[in-house]
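This is what each chain is made of:
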Amino acid sequence: MNASDAGPPTDQGGDLPAVAPQLRALRRRAGLTLEAAARAAGLSPAHLSRLETGHRQPSLPMLLALARIYGTTVSDLLGETVADRDAIVRAADMEPTRAGGWTYVQAGASGRAMQALRVRVPYGSQGDIVRVHPGEEWLYVLKGRLRLRLGDTGHLLAPGDSAHFDSLTPHRLAAEDHDGVDLLFVHTLLQSPTATLCLGPLTGELP
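Since the model is a prediction, treat every value here as computed from it, not as a measurement.

## Here we look at the packing of helix 1 (residues 19-29) against helix 3 (residues 45-52)
Piece 1. Contact geometry of helix 1 with helix 3 gives a least axis separation of 7 Å together with a crossing angle of 120°. Considering their axes alone, helix 1 and helix 3 lie oblique with respect to each other. Contacts between helix 1 and helix 3 involve Ala 20, Pro 21, Leu 23, Arg 24 and Arg 27 from the former and Leu 48, Leu 51 and Glu 52 from the latter.

## Let's talk about the sheet that holds strand 5 (residues 146-150)
Piece 1. Pairing is antiparallel in the open sheet, where 3 strands are placed in the order 6-5-8. A single partner strand is all that each edge strand has here, and the edge strands are strand 6 (153-157) and strand 8 (171-175). Along the sheet, successive strands turn relative to each other by an average axial angle of 20°, direction set aside.
Piece 2. As paired elements, strand 5 and strand 6 share 5 bridges and run antiparallel to each other. Its bridge partner being in strand 6, Leu 148 is matched across the sheet by His 155.

Criteria and thresholds
Residues numbered from 1 in each chain as written. Predicted model: local features only at pLDDT ≥ 70, side-chain atom pairs only at ≥ 80, totals over all residues. Heavy atoms only, no water. Axes fitted to C-alpha atoms, helices over the stretch in contact; angles between N-to-C directions. Helix = DSSP H or I, 4+ residues; strand = E, 2+ residues; numbered from the N terminus. Parallel < 35°, antiparallel > 145°, perpendicular 65-115°, else oblique. Contact = heavy atoms within 4.5 Å. Pairing = 2+ DSSP bridges.

Below is the structure:
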């Protein structure tokens, strides 16, 4: 089995299964057989078939590879339309949302495969929450210092530092100083594009 064949089953209750028929339609539009498309993407035909029937969840790298092979974009694979998406987000429309002590401000348009946020992390808030979920995350420290734990490794990030990692890596974030930390934060929403916040469940302490 290909290493890329491993992956959790799709959550049939979410929005992602709608991607499945789009994957099949775009492959056929490109004039590719299941076997040819799978070979070009580095997948087995069985795995690509499971993606097209909604029994497997495509990762972002898979979507990027398939979009390139089919001569389209990830937005097309996700079935998005231009009318559903605004390119500009005005400061006056950025309403803050508070959850678990953190403050979130939407910094990107809705209805996309990625979500962009400005995040304020106060000192001593959510430092024990371990997040594990499909997708990728990128963050950039604007102000203050961030204590980031990725798996078994700890990192201290200062203003201007950034991190880009697979969200399936257990991770947790905490402000290092009493003044808190301000971040730019981008993460993928392949599991549920309508989700509003990246708040993982408390799954226990990392070593």
